[in-house]
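Coordinate inspection notes
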Amino acid sequence: MTPARTFVGPTHRFDASLSLPGDKSLSHRALILAAMAHGDSHLAGLGTGADVASTIRCLRAFGVVVADDGALRSPGIHDWTQPGATLDAGNSGTTLRMLTGAVSGRPFTTTLSGDTSLRLRPMRRLVDPLRALGATVDVSTEGTAPVTVHGTALVGAEVWIPVASAQVRTAFALAALQADGESRLDSPPGFRNHTERWLTTLGLGRAIGPAGFLVQPGLVPELDLTIPGDPSSAAFLWTAAALTASRVTTPGVSLNPGRTGLLDVMTAMGATVEVIVTGDILGDPVGTVTVEGPVQHGMRIEGSLMVRTLDELPLVGLLGSVSDGETVVADAAELREKESDRIAATVGLVNALGGDAAATPDGFIVRSAVLRSGTFDGAGDHRMAMASAVAATITGTVVVIGMEAASVSWPGFAEALERVWSSR
């Protein structure tokens, strides 16, 4: 039986400041780019979750040495060795998709797979962009993992990626770095453009127009980076504050515009949000965020704002429940293809706690309601388990089944949330 954890929310207004674990998205990118470089890199503050550990495990299979303190030594991507077995990306779609791009130009065959959840997620969207470069990439007949890459010499190409997917764009860019000739990619806007910002700073590409990017092939230099805090993790603490008249401050988090959609949503819903940029990492902004609630009124979230808020939409379901009127999420059909069907799961969470939510084909509608204590099964989805724990901020008590799923992104989340609640 999957163990349950009971969360008892605060009985007072809280005012907390908390540093976050290293950003998961940036940790994956830093590890893979440093592994493509020849020589020694050092990556401080890497994310502590199981997804980042999956990337490290896979890179070691290519002959890359990654120490526990973030020291990394690589023979360079041109001297990666062929893995002796199928690479296990665990639950990490980021690991699988980005490494598929990275190995597309290597002269050997690589097969990548993962756990049951990962093997249900769509991978066919990778195929056409990489094949445009000359790569040979095969997926299952269902368009899912395992993914097999028969590495070969690549040639620059121009591609249109119809989904604003940072993972697919990055996979293409990592392959295009190894191609003969420049490559150009474009897609709808709204994605997190960490990779493009980093490659621009490293002299390996440049932006073209609102969402286009030119990849200029070349060798990746050694990296010496400190990974900022994860805004996708901070979002759960921001939401706890926005649900009530409380305040949370998170210093040193990534402020990439593709990651701050929830902050824009909270502002539009009436919460007080302060963002102060304090620096950058390879051209990607970093800073301090303070959120003070409560939110007050519902809104409609669609288009590029939806893309920038995609991972946080389950939290929007909670925010909509304590806001006047309706909160409508549209254009979010991709939520059905995450670790769980997050449209159904978000509606299920809100309704399990006495709320008023309904699914639509591409999103959901939430109406104002008084949430109460209840039980929710996260069904192995880390973001749904974490969102249900946050709901105890206003319900009093929530029993979360499967809370261990949070270890995918933030192993210490439950304890951090309880520290926030107890602060004054």
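To be clear, the structure that these remarks concern was listed above.
Residues numbered from 1 in each chain as written. Predicted model: local features only at pLDDT ≥ 70, side-chain atom pairs only at ≥ 80, totals over all residues. Heavy atoms only, no water.

**Quick look at the overall build of the protein chain**
Across its full length, the protein chain carries 13 helices and 23 strands. Taken over the C-alpha atoms alone, the protein chain extends approximately 60 × 45 × 45 Å along its principal axes. A total of 424 residues make up the protein chain; the buried ones form 60% of that total. Sequence-distant contacts in the protein chain: of pairs separated by 6 or more residues, those separated by 24 or more amount to 74%. Carbon and sulfur atoms make up 52% of the accessible area of the protein chain, which amounts to about 14,900 Å² in all. Between the averaged position of the 31 positive side-chain charges in the protein chain and that of its 42 negative side-chain charges there is a distance of 1 Å. (Helix = DSSP H or I, 4+ residues; strand = E, 2+ residues; numbered from the N terminus. Buried < 20%, exposed > 50% of the residue type's maximum accessible area, 1.4 Å probe, protein only. Contact = heavy atoms within 4.5 Å. Areas by Shrake-Rupley, 256 points an atom, 1.4 Å probe, with all protein chains shown as cover. Lys, Arg positive; Asp, Glu negative; His and termini not counted. Charge placed at Lys NZ, Arg CZ, Asp CG, Glu CD.)

**Some details on the pattern of salt bridges**
Evaluation of the coordinates by the stated rule reveals 25 salt bridges. A salt bridge links Arg5 to Glu418; the nearest nitrogen and oxygen atoms lie 3.2 Å apart. With Arg5 in strand 1 (residues 4-8) and Glu418 in helix 13 (residues 413-422), this pair connects stretches of sequence that are 413 residues apart. The salt bridge involving Asp40 is made with Arg73; its shortest N-O contact spans 2.6 Å. Placement of the pair is Asp40 in strand 3 (residues 38-44) and Arg73 in strand 5 (residues 71-75), with a sequence separation of 33 residues. A residue is classified by how much of its surface remains accessible, and Asp40, at 40% relative accessible area, is partly exposed. Linked by salt bridges that have partners in common, Arg121, Arg192, Asp311, Lys338, Glu339, Arg342, Asp381 and Arg383 make up one network. (Salt bridge = Lys/Arg side-chain N within 4 Å of Asp/Glu carboxyl O.)

**Description of the sheet that holds strand 23 (residues 397-401)**
Within the open sheet, the three strands sit side by side as 1-23-22. Their pairing is mixed. Looking at which strands have only one partner, the edges of the open sheet turn out to be strand 1 and strand 22 (374-377). Recorded for the sheet is a direction-independent mean angle of 20 degrees between the axes of neighbouring strands. The pairing of strand 22 with strand 23 spans four bridges and is parallel. Bridge assignment links Asp377 to a residue of strand 23, and that residue is Ile401. Lying over the sheet, helix 12 (residues 382-395) contacts strand 1, strand 22 and strand 23, oriented at roughly 170 degrees with respect to strand 23. (Pairing = 2+ DSSP bridges. Axes fitted to C-alpha atoms, helices over the stretch in contact; angles between N-to-C directions.)

**Structural notes on helix 12**
With 14 residues, helix 12 should reach 20 Å at 1.5 Å per residue; the first-to-last C-alpha distance of 20 Å fits that figure. Capping the start of helix 12, Asp381 holds a side-chain oxygen 3.1 Å from the backbone nitrogen of Arg383, two or three residues further along. The positive-phi residue at the C-terminal boundary of helix 12 is Gly396, with phi of around 100 degrees. (Expected span 1.5 Å × (residues − 1). Polar contact = N/O pair within 3.5 Å; in protein donor to acceptor, adjacent residues only side chain to side chain.)

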